[in-house]
Amino acid sequence: RPRVLSGIQPTADSFHLGNYLGAVGHWVALQDTYDAFYCVVDLHAITAGHDPRMLAQRSRVAAAQLLAVGLDPERCTLFVQSQVPEHAQLAWVLGCITGFGEAGRMTQFKDKSQRQGNERASVGLFTYPILQAADILLYQADAVPVGEDQRQHLELSRDLAQRFNTLFGPTFTVPEAHIVKDTAKITDLQDPTAKMSKSSSSPAGIVLLLEDAARSAKKIRSAVTDTGQEIVFDAQQKPGVSNLLTIYSALSGRSIDDLVAAYAGKGYGDLKKDLGEVVREFVAPIQDRTRGYLADPAQLDRLLVTGAQKARAVAGPTLRAVYERVGFFPPV
Ligand code: TYM
């Protein structure tokens, strides 16, 4: 079976609809056709400063949400990145074949380091995409399901795989990005030209899976919409309404055309009110199940240890091959 790998940061208290619709929702579907590896990337989560008292719990909340939306530890390998030391080990080697200029061209680094003030941005933030490449290449992943914002990082992963193979002999599968166009960029409710983002959107611009659904409904009611009154899908001219239609369609399973037809002659207010209801129905069982997993943290931690063991069984041999090719002693 072909393999997929993807990861998500545990930085936030809750995933938002962009994370779910752009990536995690697809992970669930891919479990059945792929040998799937999904990882809570806590090593990535310390690149921009963090609270050590919160980190492990955030990883648990992240894992609980992933289980709650439908990842099944019987059908996929779910683990926490820091429990698989091979990620950091491979990242070092890949860092040594990455150009300084090449890493400096990553737009996410440029954006985030600018926001933090360039002097304060960490070297870890700079090498973040190299660690991401290690995550992917360790598992010989064929496909990587992510949102549009990860496209450039995926290109880097491909370049590093090819470069390593050329320099040291065939070792890595060159991964393909798996980006589902319709939901690849969910936008900020308050600024429908920007992506919905935990780090840069205002709280009113993002819908969290674990927040009170009444709060989500309120944010949706106050979403910035476009001039005119007609409910049509036009991402260029009507980015606000189009974003609401995208979310509505993805959560309800109804096609955009069907929705447009159903709302002919109705106003933005009707659409927003109904979408608030759709979100409420969608998040209610997810919130219940998340609470259920978090009620037994010892069991959750055990499940993650089992996941890490399964992950290491694949990552270990890859790292061993890498060590041999580059001339290190074998890992012990
Ligand atoms: P993170 O945690 O920032 O985001 C997790 C996933 O959510 C997607 N996403 C979105 N998709 C659509 N619309 C949005 N507004 C939106 N916001 C976020 C992201 O594209 C991502 O797929 N660097 C990765 C984490 C990572 C990773 C990896 C991914 C680490 N190692 C290996 C794949 C493979 C990230 O940004 O996660």
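An account of the accompanying structure is given in this report. Model, not experiment: these values are computed from the prediction.

### Quick word on the pairing of strand β7 (residues 191-195)
Pairing of strand β6 (residues 187-188) with β7, which is carried by two bridges, proceeds in the antiparallel orientation. Bridging from a neighbouring strand, Thr187 pairs with Lys195 of β7. What sits between β6 and β7 in their antiparallel hairpin is a turn of two residues.

### Observations concerning the side chain of His87
Of note, His87 is situated in helix α3 (residues 86-95). One polar contact links His87 to Asp135, side chain to side chain, over a distance of 2.8 Å.

### As for the nonpolar core
Counting 57 residues, the largest nonpolar core has Tyr38, Leu66 and Leu251 as the members making the most contacts within it. Apart from residues lying up to four places away in sequence, Leu66 is in contact with Ile8, Phe15, Val24, Trp27, Val40, Leu71 and Leu78.

### A look at the site of the ligand
Close to the ligand lie 27 residues; Tyr128, Asp135, Gly147, Asp149 and Ile186 are nearest. Contact distances for the ligand include 2.8 Å between an oxygen atom and a backbone N or O atom of Gly147. For the ligand, whose accessible area on its own is 710 Å², the fraction buried by protein is 94%. Sorting the residues of the shell around the ligand by element identifies β1 (3-8), α1 (17-30) and α6 (123-138) as the ones contributing at least two each. Partitioning the shell around the ligand into residue classes produces eleven nonpolar, twelve polar and four charged.

### Some remarks on the pairing of strand β2 (residues 35-40)
Of all six residues in β2, five are buried; the element is thus mostly enclosed. Taken together, β1, α1 and β2 constitute a β-α-β crossover, and its handedness is right-handed. In this fold, the crossover linking β2 to strand β3 (residues 76-80) by way of helix α2 (residues 52-69) has right-handed handedness.

Definitions and limits used
- Residues numbered from 1 in each chain as written.
- Predicted model: local features only at pLDDT ≥ 70, side-chain atom pairs only at ≥ 80, totals over all residues.
- Heavy atoms only, no water.
- Pairing = 2+ DSSP bridges.
- Helix = DSSP H or I, 4+ residues; strand = E, 2+ residues; numbered from the N terminus.
- Polar contact = N/O pair within 3.5 Å; in protein donor to acceptor, adjacent residues only side chain to side chain.
- Core = buried A, V, L, I, M, F, W, Y, C linked by side-chain atoms within 4.5 Å.
- Buried < 20%, exposed > 50% of the residue type's maximum accessible area, 1.4 Å probe, protein only.
- Contact = heavy atoms within 4.5 Å.
- Near = heavy atom within 4 Å.
- Areas by Shrake-Rupley, 256 points an atom, 1.4 Å probe, with all protein chains shown as cover.
- Nonpolar A, V, L, I, M, F, W, Y, C, P; charged D, E, K, R; others polar.
- Right-handed = clockwise from strand over helix to strand, strands pointing away.

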